[in-house]
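As a plain string of letters, each chain reads:
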Amino acid sequence: MPKIDTVFFDWGGVVANDPGDDFFGQLLKNIGATDEQITAIFETYMRRFMRGQITEQEYWQEIKSNFGLSIPDTISDEFMKWNGLTANRDVLDLISELKQSGLKVAILSNVIEPTYNVLKKAGYYDLFDDTIASCKVGFAKPEQDIYQISLDRLGTTADKSLFIDDKQWNLDPASQMGFSVILAENPEQIIRDVKKKLA
């Protein structure tokens, strides 16, 4: 088997401890959405928002007009409160170590524009060789296209790549394409498993 030369990290639930799913649901609840509406929003508008097919303004506008919810003008600021905007120190140290040892490291993440902007502004993406974000490339995990785009952007192949994600359904397509994969459970386990895979 070829030696791994590139490691792809998901953001929420991997580099940051909080996956973010509950946060987005709670944000919608706070503006009065019911559980049924939240499910509908996730399956429709969120899918398009995640792929950059609609802007943040269009996203809130569609929710407002289709669900009759009142959206405060400051809604974007709410994204700053997500715990997942703070990376785990130990995982960041691991990323630095990998880079120092000559490996390429990249983010491969399903992310909406406001979150992408906050993370970029905080300088987190600068720690990586590249950031493949669903809202920028028009595809989202588990669609195979986003994995292929990631490989092309980093100039590598699946059999030389390791991908870490906190959701099994995002790892399955990568696995089928030939990536080595790790299901993230907590920082200690991520660090241990990455080192084991690269040994």
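Refer to the structure presented above.
Just so it is clear, the model here is predicted, and its values are computed rather than measured.

Draft legend 1. Spotlight on the packing of helix H9 (residues 144-154) against helix H10 (residues 168-177). Viewed as axis vectors pointing N to C, H9 and H10 meet at an angle of 60 degrees, and their least axial separation amounts to 10 Å. It follows from the interaxial angle that H9 and H10 lie oblique. Classified by chirality, the crossing of H10 by H9 is right-handed. Contacts from Gln 144, Tyr 147, Gln 148 and Leu 151 of H9 reach H10 at Asn 170, Pro 173, Ala 174, Gln 176 and Met 177.

Draft legend 2. Focus on the nonpolar core. Counting 56 residues, the largest nonpolar core has Phe 9, Trp 11, Val 15, Tyr 59, Trp 60 and Ile 164 as its most contacted members. The dominant element in this core, judged by the number of residues it contributes, is helix H6 (residues 89-100), at five residues. Residue contacts for Phe 9: discarding those within four places in its chain leaves Val 14, Val 15, Val 91, Leu 94, Ile 95, Leu 98, Val 105, Ala 106, Ile 107, Leu 108, Phe 128 and Ile 164.

Draft legend 3. Representation of H9 within the structure. Taken as a whole, H9 has its buried residues at Ile 146, Tyr 147, Ser 150, Leu 151 and Leu 154. The arc that holds every buried residue of H9, seen down its axis, measures 140 degrees, which confines them to one face. Along its buried surface, H9 packs onto strand S1 (6-9), strand S2 (104-109), strand S3 (130-133), helix H8 (134-137), strand S4 (161-165) and H10. Just past H9, the residue Gly 155 takes up positive phi, approximately 65 degrees.

Draft legend 4. Geometry of the environment of Met 46. By the element assignment, Met 46 lies in helix H3 (residues 45-50). It is 23 Å that separates the C-alpha atoms of Met 46 and Tyr 125, two residues lying 79 residues apart in sequence. Not counting residues up to four positions away in its chain, the partners in contact with Met 46 are Phe 24, Ile 41, Tyr 59 and Ile 112.

About the cut-offs
Residue numbering note: each chain is counted from 1, following its sequence as written. With pLDDT at 70 or above as the cut-off, local features in this predicted model cover only qualifying residues; side-chain atom pairs require 80 or more to be listed or tallied, and sums for whole chains, interfaces and linings still use all residues. Values shown for side chains rest on all heavy atoms present in the structure; no hydrogens or waters enter the calculation. To get an axis, fit a line to the C-alpha atoms, keeping to the stretch in contact for a helix; angles then go from 0 to 180 degrees between the N-to-C directions. Note on conventions: DSSP H or I runs of at least 4 residues are helices, E runs of at least 2 residues are strands, and numbering of each starts at the N terminus. Here roughly perpendicular refers to angles of 65 to 115 degrees, roughly parallel to angles under 35, roughly antiparallel to angles over 145, and oblique to all remaining angles. For any helix crossing, the convention is left-handed if the near helix is rotated counterclockwise from the far helix by under a right angle, and right-handed if that rotation is clockwise. Any two residues whose heavy atoms approach within 4.5 Å at even a single point are treated as in contact. As used here, the term nonpolar core means buried Ala, Val, Leu, Ile, Met, Phe, Trp, Tyr and Cys residues forming a set that is joined through side-chain atoms within 4.5 Å. Between buried and exposed lies partly exposed: a residue is buried under 20% and exposed over 50% of the maximum accessible area for its type, with that area taken using a 1.4 Å probe on protein chains only. Note that the arc is defined by the directions from the helix axis to the C-beta atoms.

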